[in-house]
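Coordinate inspection notes
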Amino acid sequence: MNKNSSNIMALAPNTPNKRETVCIFGTGDFGRALGHQMIQSGYPVVYGSRSTQISNLIPKDAEVLSHAEAAQKAAIIIIAIQRQHYNFLTPLAEILRGKVLVDISNNLKLNQYPESNAEYLAQLLPGSRVVKAFNTVSAWALQSGTLDASRQVFVCGDDVEAKQMVMNIVRALGLTPLDKGTLLAAQEIENFPLQLFPMWKFPIFLSLGLTTFFFLYCLALDVIYTYIYEKNNFSFFIAITIPNRVCPVMALILLALVYLPGIFAAIIQLYRGTKYRRFPDWLDKWMLCRKQLGLIALAFASLHVVFTLVAPLRAFVRWRIGKGIVSQALNNKTEPLDSTTAWISDSYLALGILGFFLFVLLGITSLPSVSNNVNWREFRFVQSKLGYLSLILCTAHTLVYGGKWFLSPSAYRWYLPNIYMLSLVVPCAVLVVKFVLIFPCVDKPLTQIRQGWERNPKYS
Amino acid sequence: MNKNSSNIMALAPNTPNKRETVCIFGTGDFGRALGHQMIQSGYPVVYGSRSTQISNLIPKDAEVLSHAEAAQKAAIIIIAIQRQHYNFLTPLAEILRGKVLVDISNNLKLNQYPESNAEYLAQLLPGSRVVKAFNTVSAWALQSGTLDASRQVFVCGDDVEAKQMVMNIVRALGLTPLDKGTLLAAQEIENFPLQLFPMWKFPIFLSLGLTTFFFLYCLALDVIYTYIYEKNNFSFFIAITIPNRVCPVMALILLALVYLPGIFAAIIQLYRGTKYRRFPDWLDKWMLCRKQLGLIALAFASLHVVFTLVAPLRAFVRWRIGKGIVSQALNNKTEPLDSTTAWISDSYLALGILGFFLFVLLGITSLPSVSNNVNWREFRFVQSKLGYLSLILCTAHTLVYGGKWFLSPSAYRWYLPNIYMLSLVVPCAVLVVKFVLIFPCVDKPLTQIRQGWERNPKYS
Amino acid sequence: MNKNSSNIMALAPNTPNKRETVCIFGTGDFGRALGHQMIQSGYPVVYGSRSTQISNLIPKDAEVLSHAEAAQKAAIIIIAIQRQHYNFLTPLAEILRGKVLVDISNNLKLNQYPESNAEYLAQLLPGSRVVKAFNTVSAWALQSGTLDASRQVFVCGDDVEAKQMVMNIVRALGLTPLDKGTLLAAQEIENFPLQLFPMWKFPIFLSLGLTTFFFLYCLALDVIYTYIYEKNNFSFFIAITIPNRVCPVMALILLALVYLPGIFAAIIQLYRGTKYRRFPDWLDKWMLCRKQLGLIALAFASLHVVFTLVAPLRAFVRWRIGKGIVSQALNNKTEPLDSTTAWISDSYLALGILGFFLFVLLGITSLPSVSNNVNWREFRFVQSKLGYLSLILCTAHTLVYGGKWFLSPSAYRWYLPNIYMLSLVVPCAVLVVKFVLIFPCVDKPLTQIRQGWERNPKYS
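Residues numbered from 1 in each chain as written. Chains lettered and ligands numbered in written order. Predicted model: local features only at pLDDT ≥ 70, side-chain atom pairs only at ≥ 80, totals over all residues. Heavy atoms only, no water.

Chain A has the name STEA4 Metalloreductase in an unreviewed UniProt entry, where Malurus cyaneus samueli is given as its organism. You can read under Subcellular location (unreviewed entry) in the UniProt record for chain A the words "Endosome membrane". (UniProt positions renumbered as here; feature names shortened; annotations may be inferred.)

Shown next as structure tokens:
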């Protein structure tokens, strides 16, 4: 934390303007956008450029000088040029000694270079204090002032004081700096804006694939079969009836897939007798996307709830109910209430409601701001205990709903089972194995293994 | 970062109490509340007051001394007096030299003085290290200990070490300090507690105005017209039927108004051939309240969903359905299922459900803790792609719902269109213009302009 | 902030590896898990152990040395041993002088020792710089890399630079450090992971108790009474009908209990004429769990909404509606629409929807990330104004729903009132007293008291 005079000036200004001058190398789009915004926040801005003739693109109140002259005017220099041109900075090394250089560059693809741009800059100019910042902010967002998106700016650097100076600028622009540590974090920070939901890709493709399969399966059994053998045109089932069969099936299967890798992990650990060997790669990846699988399952469950609740508004349902009542009236009789039917109807609805309620609770606790407020013990309680309870309730909901049709031959059109039967395979398997795993004779060695015990400690 | 002896004592205490003594100037309500709380957190507190006789209002364990004596006992002095009386501190300048002065004052209205209170204090006592803090905390909340509200305390100041000392006190009181940078941020921090949803004012007034208009419009067409011409008393429509017409209309219009300013901005940029000129003021303001407009639209959409789902529970709906069935039974016939009606009914429900589902997703990603976890690219994807998809689905939902009535004269009571027709104007306009804007011949120059290209670079 | 050579080396490394060596004392489960993770993040790790023969359990790339040798190799030493064995460190005091010691220990129960483990360590080794960290992270979570839970690591310590060094390691492991201030915070940090929803215990037990009571009450009146006196087997009411009576009752009572302590507090303050005396203990505790009570009330209200909306899907409801229509058809008449019934039905539904809507808004603003973005004035506006409005709407919803039965003798089976009558007692009491409290003659002295005025300032 050596202090040169320029920094002290920067930290304790006594000019009327009170903000320290900032130098920007490069007059490209982002350099101009950042300059605009800094001038509006009260910073004197000086551009370092090859051609010092003032272009109209550059903010009016900014000065434009040669690189060397501009650098001498400020303690902080923002390097708004591309990595390929960084080596032109080496002749300026003496002038840039002790200055804070802010690397704002981004790459075009993940891990494009062996080292991050900021570390490369620090190697080129070992006398300067390099700070990585601003690369996660979009020029368009800065310019238009419509920062609805994240206001977080990741900052990293080896020099604590230099980082503080940059973080003060970030705050002055109305953004929130987030200290990510030393310059080693620059690689991660440079990769961040290039991602498009990386953790969501596998769960989403899996869901799309399964959804398509189940949709076509239902289309065949419910629309095409009916049309061929019963001459009924139920093509409008495509809009609500079939989605409302596919959604609960997807929700149940995905929810079971959230808990399946934990089962596999337990079995592998029991078999190996140690927790100190890595899981197979596929299992590692699967475990890392459990949260995403669970949230997609919740989305399907929510759609199922709404699709179910609109049923009484559907013309088809009203017609069917009306037909039933009219036929009772025409037959001059009132059907008595069947207590068993009432029990089945009410209990599968109640099981579904409670299962969905717990599922929504799980979803709320996975919101970042909520999960940050619970400790590990509380998180485990919610995600494991309540999660399994939700899985049990949802499986029971499906079993009670479809129970009576399991043995009925009419449920097997083209000798194929209805999809809710398919949906029960994974959840039932998970629940049965989990039930075995909580027996004391299995649970005790597993707990010991997870606490670090090894069956064959001499394992090389 | 010069260190005087008192600070070193403060940072490395070896007294049994271990907390450094804090001095509070002023025995007003907030000074007393803060003192109470600090004593409970283990800080020795000494009050500086004009009259040193111990008042009963002051916490029992606190000492009361003259200002000069009290200041000498502590490294941190909390200035719990009003800005108008700050100048009485100037005679104490020598005693306060090097001390950390914490300005906790608030003003009565926004931007009451040219400079912030904290900056004014720093000007009066240039030898002291002024830190702004605690002004966002309410005395009542501190006293009653019921801090359900935000626990964040904004802290700013030019001296990093002084800021650290104050932030340690903030943490000890169970609050969360948030470093807002140098003392220049004090103005913003002082304005913060005076605001009452400033970004929400325009969207809420706009919504209230439009809601009132549409409510009266529906009241005239649905209740008054029916009463005059059909002698039916449908006044109970005020409770559910009319709200359930107004809510979807408001949701659709407000959602379209979220995307309209982006359309205007694109047209203006295409016309001007540059992005380096400010948008008109009204457009800037509009763009800044898009998130609020979207959330209000989501609120209306949610109300529409619930109002629609309760329909089968309404006495009126049950009576109407019962009447239809009874008349079928009395006419001794069963109406066959009309496949077209079933298609229309199911598809507008399905479109509405999917549109609402995407809308809720948009709402969830606008939660601060979620949007902080996505990068700019992901945010743009969700808010722009999914947002437009949601707008398309909701517009299609309305079109399918009302399609058959567009050409029916009975839909034009008093020659006025039904409100769902009115609600389609803005969304359809937005979608049509957006459709034009994504044509390559329009999209290409627009993208270039947004990347910094200019059609007339010599524009002065 | 004195700098010894090892730290400067640590902050500005020029080795190819670039991460400073970290020493871990203790080869227990957590020490091994942390070592594994640090090696993966690029830190050279050296273990200090009594037996220096390399065990297979220890990560392959780590060195194992005696405590003294290991300590000399690193500037940061992680103390992964239990508090009972801390005193074996005293002979190493000279070697550990100036080093950063990271206390990661946890206790088995809350406040097990008079001082925190970290403070005890700092007392034993006054020359070392003790930092508390990592105790909130689970070894299992570190090992399996599935950190879906909170990534926050609380860090505290008296030495700012030592804290920075530890926070850099935390960040390098992909976790988020949270500075909790000086070592005095260690007690709180050590207690944190031992808690299991401490604030939720009382509200949950209260809810369970009340729910059980109301469930049995309903069971007696709706199922057993009907079975005895009307010979109807309505046992299936247990699944939906009774839960849907208990849920709204619980929601309304708990919502009223959120606002009741505020009423008590106001009355106590008015009676005492001062705010400077502590409330009774029970009231303090009650006020602190208002948020939890409110969220449980919201959960009951949400269940009530879903239970109500599924009504048209229930076999029992369909049978009852069908029976009514068939009897109309058999009697050859169509019942006319009763406008009063339509009004009552629609208005209690509308009141319920609006009350629930405001209730959900309250719930959303209590999400940590949302409440951190509103100031005290806005929070008070939402929680107090909107909260009372929600309570008024929900109470009115219940009154309109049940109004006509209050005077009907058939509503009093076994001379007991229906539970919705019981549910109205607390909310009506709260609303009546609140109505009195906002009269100017009561509100004015109360406001004065809350601003610090005292009726009897000489009170000793």
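Counting residues at the interface gives 60 residues for chain C and 66 residues for chain A. For the pair chain C and chain A, the summed buried surface comes to about 5,800 Å²; carbon and sulfur atoms form 66% of the total. Our enumeration of links across chain C and chain A arrives at two salt bridges. Here A:Asp179 makes a salt bridge to C:Arg171, at a shortest N to O gap of 3.7 Å. Counting the contacts that link chain C with chain A gives eight residue pairs in polar contact (both at pLDDT 80 or more). (Contact = heavy atoms within 4.5 Å. Buried area = accessible area lost by both parts, 1.4 Å probe. Salt bridge = Lys/Arg side-chain N within 4 Å of Asp/Glu carboxyl O. Polar contact = N/O pair within 3.5 Å; in protein donor to acceptor, adjacent residues only side chain to side chain.)

In this section: the relation of the copies chain B and chain A. After a rotation of 120° and a shift along the axis of 0.0 Å, chain B superposes on chain A with an RMSD of 0.1 Å. Within this description, the copies of the chain are treated as partners about a three-fold rotation axis. Of every C-alpha in chain B, the one belonging to B:Ser369 sits nearest the axis of rotation, 3.2 Å from it. A share of only 9% of the interface residues of chain B reappears at the interface of chain A, consistent with the copies meeting through non-equivalent patches. (Least-squares fit on C-alpha atoms with pLDDT ≥ 70 in both.)

In screw terms, the move from chain C to chain A is a rotation of 120° and a rise of 0.0 Å along the axis, fitting with an RMSD of 0.1 Å. The overlap is low: 10% of the interface residues of chain C also sit at the interface in chain A, so different surfaces are used on the two sides.

Moving on, we get to the UniProt feature "transmembrane region" (unreviewed entry) in chain A. Residues and elements named next belong to chain A. The positions that UniProt labels "transmembrane region" (unreviewed entry) are, in the present scheme, residues 204–229, 249–271, 292–313, 347–365, 386–407 and 419–442. Helix and strand shares over residues 249–271 are 100% and 0% respectively, and the end C-alpha atoms of the span are 32 Å apart. As annotated, residues 419–442 has a helix share of 88% and a strand share of 0%, and its two end C-alpha atoms lie 34 Å apart. (Helix = DSSP H or I, 4+ residues; strand = E, 2+ residues; numbered from the N terminus.)

All chains considered together, the criterion is met by 36 salt bridges over all chains. The salt bridge partner of C:Arg314 is A:Asp346, with a shortest N-O separation of 2.7 Å. In this pair, C:Arg314 is assigned in the loop between α12 (290–309) and α13 (315–330) and A:Asp346 in helix α14 (residues 339–365), connecting two distinct chains. What makes A:Asp346 buried here is its relative accessible area of 0%. With a shortest N-O distance of 3.9 Å, C:Lys285 and C:Asp281 are connected by a salt bridge. Taken together, the positions of C:Lys285 and C:Asp281, both in helix α11 (residues 281–288) and four residues apart, correspond to about one turn of that helix. Looking at C:Lys285, the relative accessible area reads 57%, which means it is exposed. Among the residues examined, C:Asp281 registers a relative accessible area of 52% and is labelled exposed. (Buried < 20%, exposed > 50% of the residue type's maximum accessible area, 1.4 Å probe, protein only.)

This brings us to a nonpolar patch on the surface. Residue and element names in this part refer to chain B. Together, Phe 264, Ile 267, Trp 282, Val 432, Val 433, Phe 435, Val 436, Ile 438 and Phe 439 line one region of the surface with nonpolar side chains, adding up to about 830 Å² of accessible area. Looking at the nonpolar patch element by element, the count peaks at four residues for helix α18 (residues 425–437). Turning to its location among the elements, Trp 282 is positioned in helix α11 (residues 281–288). (Patch = residues over 30% accessible without salt bridge, like charges linked within 9 Å, V, L, I, M, F, W, Y side chains within 5 Å. Areas by Shrake-Rupley, 256 points an atom, 1.4 Å probe, with all protein chains shown as cover.)

The subject of this paragraph is the sheet that holds strand β8 (residues 176–179) of chain A. Residue and element names in this part refer to chain A. The strand order across the open sheet built from eight strands is β3-β2-β1-β4-β5-β6-β7-β8, with neighbouring strands paired in mixed fashion. Both edges of this open sheet fall to β3 (63–65) and β8, since each of them pairs with a single strand only. Within this sheet the neighbouring strands show an average axis-to-axis angle of 30°, counted without direction. Sheet analysis places strand β2 (residues 45–48) next to β3, joined by three bridges and oriented parallel. What sits directly across from Val 46, in β3, is Glu 63. (Pairing = 2+ DSSP bridges. Axes fitted to C-alpha atoms, helices over the stretch in contact; angles between N-to-C directions.)

All names here are of chain B. Checked against the element boundaries, Tyr 43 lands in the loop between α2 (29–40) and β2 (45–48). For Tyr 43, a relative accessible area of 4% corresponds to the buried category. For Tyr 43 and Gln 123, which are 80 residues apart along the polypeptide, the C-alpha to C-alpha distance reads 29 Å. Other than its neighbours up to four places away in sequence, Tyr 43 contacts Arg 19, Glu 20, Val 22, Met 38, Asn 168, Ile 169 and Ala 172.

This paragraph deals with unusual backbone geometry. Residues and elements named next belong to chain A. With phi around 60°, Lys 231 is a residue other than glycine that occupies positive phi space. Relative to the assigned elements, Lys 231 resides in the loop between α9 (201–230) and α10 (243–272). Judged by its relative accessible area of 66%, Lys 231 is exposed.

Taken together, the 65 residues of chain B in the interface contact 59 residues of chain A. Among the residues chain B hides against chain A, the three largest losses belong to B:Tyr276, B:Leu337 and B:Trp376. Together they make up 12% of the total. For the pair chain B and chain A, the number of links is eight residue pairs in polar contact (both at pLDDT 80 or more). Elements supplying a minimum of two residues to the side of chain B that touches chain A: α11, α12 (290–309), α13 (315–330), α14 (339–365), α15 (368–371) and α16 (376–402) of chain B. Here the side of chain B that touches chain A takes 12 residues from α14(B), the largest share from any one element. Considered class by class, the residues forming the side of chain B that touches chain A number 30 nonpolar, 19 polar and 16 charged. (Nonpolar A, V, L, I, M, F, W, Y, C, P; charged D, E, K, R; others polar.)

It is worth spelling out the nonpolar core at this point. Core analysis: the largest hydrophobic core is formed by 222 residues, its most contacted members being A:Leu391, B:Leu391 and C:Leu391. Contact partners of A:Leu391, with chain neighbours within four places excluded, come to A:Leu252, A:Leu255, A:Ala256, A:Tyr259, A:Pro427, A:Val430 and A:Leu431. (Core = buried A, V, L, I, M, F, W, Y, C linked by side-chain atoms within 4.5 Å.)

All names here are of chain B. Alternating positions in strand β4 (residues 76–79) separate into two faces, Ile 76 and Ile 78 on one and Ile 77 and Ile 79 on the other, with burial throughout. The sheet contact formed by strand β1 (residues 22–25) and β4 spans four bridges and is parallel. Each residue of the ladder has a partner; that of Phe 25, found in β4, is Ile 79. Of the pairings in the sheet, the one linking β4 to strand β5 (residues 100–103) comprises four bridges and is parallel in character. Opposite Ile 76, over in β5, you have Val 100 as the bridge partner.

What follows deals with the packing of α11(B) against α12(B). Residues and elements named next belong to chain B. At a minimum axis distance of 4 Å, the contact between α11 and α12 shows a crossing angle of 50°. What the angle tells us is that α11 and α12 run oblique. Where α11 approaches α12, its residues Trp 286, Met 287 and Leu 288 are matched on the opposing element by Arg 290, Gln 292 and Leu 293. (Parallel < 35°, antiparallel > 145°, perpendicular 65-115°, else oblique.)

Take the packing of α9(A) against α10(A) next. All names here are of chain A. As a packed pair, α9 and α10 sit with axes 9 Å apart at the nearest point and diverge in direction by 140°. Relative to α10, the element α9 lies oblique. As for the relative orientation of α9 and α10, their crossing is right-handed in sense. Of α10, the residues touching α9 (which contributes Leu 206, Ser 207, Leu 210, Thr 211, Phe 214, Phe 215, Cys 218 and Asp 222) are Pro 243, Arg 245, Val 246, Val 249, Met 250, Ile 253, Leu 254 and Leu 257. (Left-handed = near helix turned anticlockwise from the far one by under 90°.)

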